[in-house]
Amino acid sequence: MRNFYLLFLIFYFLPSAQAQSDWEGSLEADFVSSYIWRGLNQGHVALQPEMSVGWKGLSLSAWGSVGLSGHKDDFREIDLTLSYETGGLSLGVKDYWTDEHDNRFFYFKGQETGHAVEGFVSYDFGPLSASWQTFFAGNDYQESDGKRTYSSYFQLQAPFRLVTCDWEATAGLVPWASDYYSTGGFGVTYLSLQATKEIKITDSFSLPLFGQLIANPASQHMYFVAGFTLKAF
């Protein structure tokens, strides 16, 4: 896992001799009324910044979430992702860290660490995209026997345009038992419908507003999330 962070630093500080046109980057932040991840309630009102840099299909991104409500259950999260995309195919590795169990970021001991590392592969078919994610390192163990779970998640997404808004329908499932997803076996944990509308503020600035209805049939929970995105570039 330490090699992952070494690669992160090397990639981030690569020499700038490459042609500028080969590089891409972004910086933005979401404000959300609640943080729902794959059908699991992860907290209340939150600020979620993200920055990324990419070069010829290779990209490195950092995403975070910090609760703003002051509730005792709020926690901090930082996710680092290294990925490669070619055509519609994307594959990579993502490290999730939270301070729920331990607030030391550079602490990687077995079941005590706040990290969980996931490999993923996805393919964009155009009208539909599919992805598979599996945790293979970090804190992903069954509480009953202490064995690694290899918690996995499969998701389908379908974007479409309707009544001046951008919509996205999503379905996600967990294929086997996982304490990470709070499932005792196969379960559909995520059904979502999201609408996004760009609100023009000035000639050079617009504010994307979104609303998202989320259901978790496995836990029988329902959520409605609203938010907006601030984009620097």
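Criteria and thresholds
- Residues numbered from 1 in each chain as written.
- Predicted model: local features only at pLDDT ≥ 70, side-chain atom pairs only at ≥ 80, totals over all residues.
- Heavy atoms only, no water.
- Pairing = 2+ DSSP bridges.
- Helix = DSSP H or I, 4+ residues; strand = E, 2+ residues; numbered from the N terminus.
- Axes fitted to C-alpha atoms, helices over the stretch in contact; angles between N-to-C directions.
- Salt bridge = Lys/Arg side-chain N within 4 Å of Asp/Glu carboxyl O.
- Buried < 20%, exposed > 50% of the residue type's maximum accessible area, 1.4 Å probe, protein only.
- Core = buried A, V, L, I, M, F, W, Y, C linked by side-chain atoms within 4.5 Å.
- Contact = heavy atoms within 4.5 Å.

(A) Up close: the sheet that holds strand β12 (residues 187-200). Reading around the barrel, the twelve strands line up as β1-β4-β5-β6-β7-β8-β9-β10-β11-β12-β13-β14 and close back on themselves, with antiparallel pairing between neighbours. Strand-to-strand twist of the sheet, defined as the mean angle between neighbouring strand axes without regard to direction, takes the value 20 degrees. As paired strands, strand β1 (residues 23-32) and strand β4 (residues 46-55) are joined by ten bridges and run antiparallel to one another. Pairing of Gly25 across the sheet is with Val53, part of β4.

(B) How the structure looks around the pattern of salt bridges. According to the stated counting rule, one finds seven salt bridges in the structure shown. A salt bridge links Asp22 to Lys56; its shortest N-O distance comes to 3.9 Å. Of this pair, Asp22 sits in the loop between α1 (2-12) and β1 while Lys56 sits in the loop between β4 and β5 (58-67); the two residues are 34 residues apart in sequence, bridging distant segments of the chain. Of the residues examined, Asp22 reaches a relative accessible area of 24% and is grouped as partly exposed. Across the salt bridge formed by Arg38 and Glu118, the nearest N and O atoms sit 2.9 Å from each other. Taken together, the residues span a long stretch of sequence, with Arg38 in the loop between β2 (35-37) and β3 (40-43) and Glu118 in strand β8 (residues 115-124) at a distance of 80 residues. Looking at Arg38, the relative accessible area reads 10%, which means it is buried.

(C) Layout of the nonpolar core. Residues Trp37, Phe135, Tyr181 and Ile214 are the most contacted members of the largest nonpolar core, which totals 19 residues. Those elements that place two or more of their residues in this core are β2, β13 (206-216) and β14 (221-231). The dominant element in this core, judged by the number of residues it contributes, is β2, at three residues. Setting aside its immediate chain neighbours within four residues, Ile214 contacts Ile36, Tyr190, Leu191, Ser192, His221, Met222, Tyr223 and Val225. By size, the runner-up hydrophobic cluster in this structure holds five residues, among which are Leu82, Val93, Val117 and Ala137.

Structural measurements only, silent on function.
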